[in-house]
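# Examination of the molecular architecture
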Amino acid sequence: MILFDGVAVQYSAGPPILHDVTFTLAPGSFHFLVGRSGAGKSSMLKVMYLGLRPTRGTVSLFGRDVASLNRAEMPALRRRVGVVFQDFRLIEHLSTFDNVALPLRIAGVREAEIKKHVTELLAWVGLKDHLDALPPTLSGGQQQRVSIARAVIARPSLLLADEPTGNVDDVIGLRLMYLFEELNRLGTTVVIATHNDTLVSRFSHRQLRIEESSIRVFDPRPMTAYPSPPTPATTAAQGASPARRPGAA
Amino acid sequence: MFGRSDLPLNRDASARFLPWIIGFMTYLCVIAIAAALTVDRVAEHWRQGLAGNLTVELPFPAELETEKRAEQLDGAMALIADTPGVTGATVLEDQQIAALLEPWLGPDATQLDVPLPTMVAVTRRTDAVIDLAGLRTKLQQIVPNAQVDDHGDWVSDALGFLRSLQALAGALSALALAAAALTVIFVTRTGLATHRGVIEVVHLIGAPDRYIARQFQAQALKHGILGGVVGLGFGAVTVLGIGRLIAYSLDAANPGLAFDFRLLPWQWVVLGALPLVVALLAMFTARRTVMRSLAKMP
């Protein structure tokens, strides 16, 4: 699903945000991306959703080396990725309904289907009474739920969420986590960036830990919890340490 | 085509004046193209009016006796009549010469103490080729200093002038359209900068460049049609007004030179197509601007 091989990210002449990051994520896996604030979680997600090109290294998404993609190929790939942005990035002049409907409209889904699915999902996240509300009139938590609904409405193959429960209370936070788990059970690969240790400890999912600009994979579950023997492609994601490139220190 | 838009382009301050600028440019185009079409009609009118005519000038000396003068005139007229291709020849009366000279010398032209030549209006078949130099030589053997004029030089100069006016009108139209296109580019770029955040989100959600471009081009097409129709309306009123004013002025000043300046139906159709041309120009300009700008995004 996702392969990072020796990836480095550096903004201008500043210090490297990520350095020699190597790992793979298997299709259908669920990972928390953890690390202290400013560790590079958002940058890593940006690379994953094709919003940022790495300074060095190779990134492969859905089996495609992103460096070899031309512009015309990117939209189709991006449509397979749902993103919950940390700052929501809702379109302020569009209603809640239209914000959530956007991925379906871009994908060319018929309006009748859009209405059915969007209404249903917004009811599920507790916003059925706010279909016509504009984002600025919603609370932070409500905006976050709209953002999540927009990310999952098109049933993406990969869901990337940046602090998706940061602005909601525990009850709503849990409800959203169950939504992510449900999507994961249906086959969506999920990566959730968070610094909420309570949330991470409550769910026994694998963790990608960013430490010292590099990555470490941690699995809180016993090895017997794996549903099937790990394949070479998933070794790094399922093991207790990141994959090592040949020759890497 | 003008349906829902993810980008609030209709709220942009820079876009609000776009229909007015397009309207003004269309107005200028209408005036310039109408002028070019009218000039074309005038040129054709002149060309057709003079194509079948020759003028022969017979400058008889004042001291020439009347009998001798009549004898030379008869000889010249016979020579003209016998020239192949000539269909008729008429000696102009003093009143006719006075009418021709009136615009330049006033109503008493023939009363002035100026020797005027005898003028012969010659008609010929338009397809006939007449040896003007040979005819002149033969006429000068009868009447010294006789001249033959087929108005070719005058027509050529006049048509050259009219063609220059047409070229000028064409250049003005092209400039107006170019200015409209540049305005669309400016407004589109401003829109791209203003809505960069929204465009990034829509992009990251998976919208291809053409999805975003479609919203800008729909907006440009709408403004193009609106501005084009308004510009055409005001332009048509102006063209009609100027045409009538010129026709009235000429008719009052010189009934003989009166000319119908009203545009023909097919010429109105040409002008009527201008809003569509302007709108399509705006649409494709916006599309190209957006596609080029988005190509620079990651």
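Residues numbered from 1 in each chain as written. Chains lettered and ligands numbered in written order. Predicted model: local features only at pLDDT ≥ 70, side-chain atom pairs only at ≥ 80, totals over all residues.

## Considerations on the overall build of chain A
Which entries qualify depends on this criterion: Where helices and strands are cited, they refer to DSSP runs of H or I of at least four residues and of E of at least two residues respectively, numbered from the N terminus. A residue pair is marked as a contact if its C-beta atoms, positioned from the backbone, fall within 7 Å.
Secondary structure summary: chain A contains 8 helices and 10 strands in total. The long-range fraction of contacts in chain A, counting pairs at least 24 apart against all pairs at least 6 apart in sequence, stands at 68%.

## A word on the interface of chain A and chain B
Much of the literature gives interface size as the accessible area that the parts lose upon coming together. Let me state the cut-off plainly: Residue type decides the class: Asp, Glu, Lys and Arg count as charged, Ala, Val, Leu, Ile, Met, Phe, Trp, Tyr, Cys and Pro as nonpolar, and the leftover types, Gly among them, as polar.
With 15 residues of chain A in contact, the opposing surface of chain B contributes 12 residues. Contributions of two or more residues to the side of chain A that touches chain B are made by helix H2 (74-78) and helix H3 (96-106) of chain A. By residue number, the principal contributor to the side of chain A that touches chain B is H3(A), which donates 3 residues. Looking at side-chain class alone, the side of chain A that touches chain B contains 8 nonpolar, 2 polar and 5 charged residues.

## Looking at the confidence of the model for chain A
Applied cut-off: Each residue carries a pLDDT score, the predictor's confidence in it, ranging from 0 to 100.
For chain A, the average pLDDT comes to 83, and 88% of its residues sit at 70 or higher. The weakest mean pLDDT in chain A belongs to helix H8 (residues 235-238) of chain A at 37; the strongest belongs to H3(A) at 95.

## Let's talk about the sheet that holds strand S2 (residues 86-91) of chain B
Residues and elements named next belong to chain B. Cut-off, in case you're wondering: A pair of strands counts as paired when DSSP detects no fewer than two bridges linking them. Here, axes are lines fitted to C-alpha atoms. For helices the fit covers the stretch in contact, and angles between N-to-C directions go from 0 to 180 degrees.
The 4 strands are arranged S2-S3-S1-S4 in an open sheet whose pairing can be described as antiparallel. The open sheet has two edge strands with one neighbour each: S2 and strand S4 (147-149). Each strand axis lies, on average, 20° off the axis of its neighbour in the sheet, ignoring direction. Where strand S1 (residues 53-58) meets strand S3 (residues 118-124), 6 bridges bridge the pair, whose relative direction is antiparallel. Pairing of Glu-57 across the sheet is with Met-119, part of S3. Sheet strands in contact with helix H3 (residues 66-82) are S1, S2 and S3, and its direction is about 160° off that of S2.

## Some points on the pairing of strand S2 (residues 16-25) of chain A
Residues and elements named next belong to chain A. Pairing geometry for strand S1 (residues 2-10) and S2, over 6 bridges, is antiparallel. Looking at the pairing, Val-9 lines up with Leu-18 of S2. Remark: 5 residues form the turn of the hairpin made by S1 and S2, two consecutive strands paired antiparallel; Ser-12 in that turn has positive phi of roughly 50°.

## A few points about the domain arrangement of chain B
Short version of the rule: Residue ranges labeled as domains rest on an automatic or database domain assignment.
Splitting chain B by domain gives domain 1 (9-48 + 155-294) and domain 2 (60-145). Computed over C-alpha atoms only, the centres of domain 1 of chain B and domain 2 of chain B are separated by 51 Å.

## Considering the sheet that holds S2(A)
Residue and element names in this part refer to chain A. An order of S2-S1-S4-S5 is seen for the 4 strands of this open sheet, with the pairing classed as antiparallel. This sheet does not close on itself; its edge strands, each paired only once, are S2 and strand S5 (64-65). Contacting S1, S2 and strand S4 (56-61), helix H1 (residues 41-48) runs over the sheet at an angle of about 125° to S1.

## Considerations on the nonpolar core
To keep things clear, this is the line we draw: The term nonpolar core refers to a group of buried residues, namely Ala, Val, Leu, Ile, Met, Phe, Trp, Tyr and Cys, whose C-beta atoms join them within 7 Å. With C-beta atoms placed from the backbone, the exposure class of a residue follows from how many other C-beta atoms lie within 10 Å of its own: 20 or more, buried; 12 or fewer, exposed; in between, partly exposed.
A:Val100, A:Ala149, A:Leu160, B:Val30, B:Ile33, B:Ala180 and B:Ala282 are the most contacted members of the largest nonpolar core, which totals 111 residues. With near-sequence residues (within four places) excluded, B:Val30 lies in contact with B:Gly231, B:Leu232, B:Gly235, B:Ala236, B:Val239, B:Leu271 and B:Leu274. Core analysis: the second largest hydrophobic core is formed by 12 residues, B:Leu54, B:Ala76, B:Val122 and B:Ala146 among them.

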